[in-house]
Amino acid sequence: MTLWGEAFLNWMKAVFCFDLKSVLSITVYRKFLVKKDYSAKNIAENEENKELPDLNNVMVTDIEEITNFVNGLCETCALAFECVCCLYLLYSKIGGEAFLPIIVLLVLSSTKFFLSKKVEKIFGAMVTRKDERLSLTRDVIYWMKALKFLGWEKFFKDRLESLRSKEFTELLNLRFLNLIFNVMW
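Quick caveat, the model's predicted, so the values are computed rather than measured.

Reading the values: the criteria
Along every chain, residues carry numbers that run from 1 in the direction the sequence is written. Two thresholds apply to this predicted model, a pLDDT of at least 70 for residue-level local features and 80 or more for giving and counting side-chain atom pairs, whereas whole-chain, interface and lining totals are computed over all residues. Based on all heavy atoms of the structure, the side-chain values leave hydrogens and waters out of the count. pLDDT: the predictor's confidence for each residue, scored from 0 to 100. A run of DSSP states H or I qualifies as a helix once it reaches four residues; a run of E qualifies as a strand once it reaches two. Both are numbered from the N-terminal end. For Phe, Tyr and Trp, rings pair up if their centres lie within 6.5 Å, where Trp contributes its six-membered ring, and each pair is then called stacked (planes under 30 degrees apart), edge-to-face (over 60) or tilted (otherwise). Think of it in three bands: with a 1.4 Å probe and only protein chains considered, a residue is buried below 20% of the maximum accessible area for its type, exposed above 50%, and partly exposed in between. A helix is expected to reach a length of 1.5 Å times the quantity of its residues less one. A contact between two residues is defined here by any heavy atoms of the two lying within 4.5 Å. Here, a salt bridge means any side-chain nitrogen of Lys or Arg that lies within 4 Å of a carboxyl oxygen of Asp or Glu.

(A) Geometry of the confidence of the model for the protein. Mean pLDDT over the protein works out to 80, with 84% of the residues at or above the 70 mark. Averaged pLDDT values over the elements of the protein bottom out at 56 in helix α2 (residues 40-49) and peak at 86 in helix α4 (residues 100-142).

(B) A look at the packing of aromatic side chains. Evaluation of the coordinates by the stated rule reveals 4 aromatic pairs. Between the aromatic rings of Y91 and F99, the centroid separation amounts to 5.6 Å while the plane-to-plane angle is 45°, which identifies the pairing as tilted. A residue is classified by how much of its surface remains accessible, and Y91, at 45% relative accessible area, is partly exposed. The class of F99 is partly exposed, set by a relative accessible area of 38%. On the numbers, 5.5 Å between centres and 70° between planes, the contact of F113 with F114 is edge-to-face.

(C) Representation of helix α6 (residues 153-184) within the structure. For α6, which comprises 32 residues, the first-to-last C-alpha distance of 46 Å matches the rise-based estimate of 46 Å (1.5 Å per residue) to within 8%. Within α6, the full set of buried residues consists of F156, L163, E167, E170, L174, L177, F181 and M184. Buried residues in α6 make contact with α4 and α5 (144-150).

(D) Expanded view of the pattern of salt bridges. Applying the stated criterion across every chain, the model contains 6 salt bridges. In this structure, E161 and K157 form a salt bridge, with 3.9 Å as the shortest nitrogen-oxygen distance. Separated by 4 residues within a single helix, E161 and K157 lie in helix α6, roughly one turn from each other. Linking R164 and E167 is a salt bridge whose minimum nitrogen-to-oxygen distance equals 3.3 Å. In this pair, R164 and E167 both sit in helix α6, 3 residues apart, roughly one turn of the helix. A relative accessible area of 35% means that R164 is categorised as partly exposed.

Okay, here's the thing in structure tokens:
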């Protein structure tokens, strides 16, 4: 697509989103006016009863979210259309091999899905190990005089190093999976 064509599509999308935002603002405002009288007395009652949502919140936040959703939907549809057109053109030029990138994409996507589940488990384990280590460190610092008096320094030092090495192992696994993600991306 040429630069002018892309600029024209972006302009049309901006005009559509502006029109959508205007129509939604007018519709929401009319709905609020019909549903409840916004006189000074009723506004004070609404503050106490919380019957209606805040008009300003609906007018600004919710309408912006709807507009962003529609914008994203337009982008998704345009991307899908471009992909279909590209696949058709590739298929017309090289035949069945045009579908090989789709197969590779599906394999990589499924691999990334399973790797992300593994990263989630490793991250949870790493946080648990970190919490254990920090809890023990806090206790050691709090009871330092008693530990020195009883001669338990080596025991707690070894225990802290053991927890730190387990946490470090989880961190290495997480970094390794991040490396695989970056290579696949």
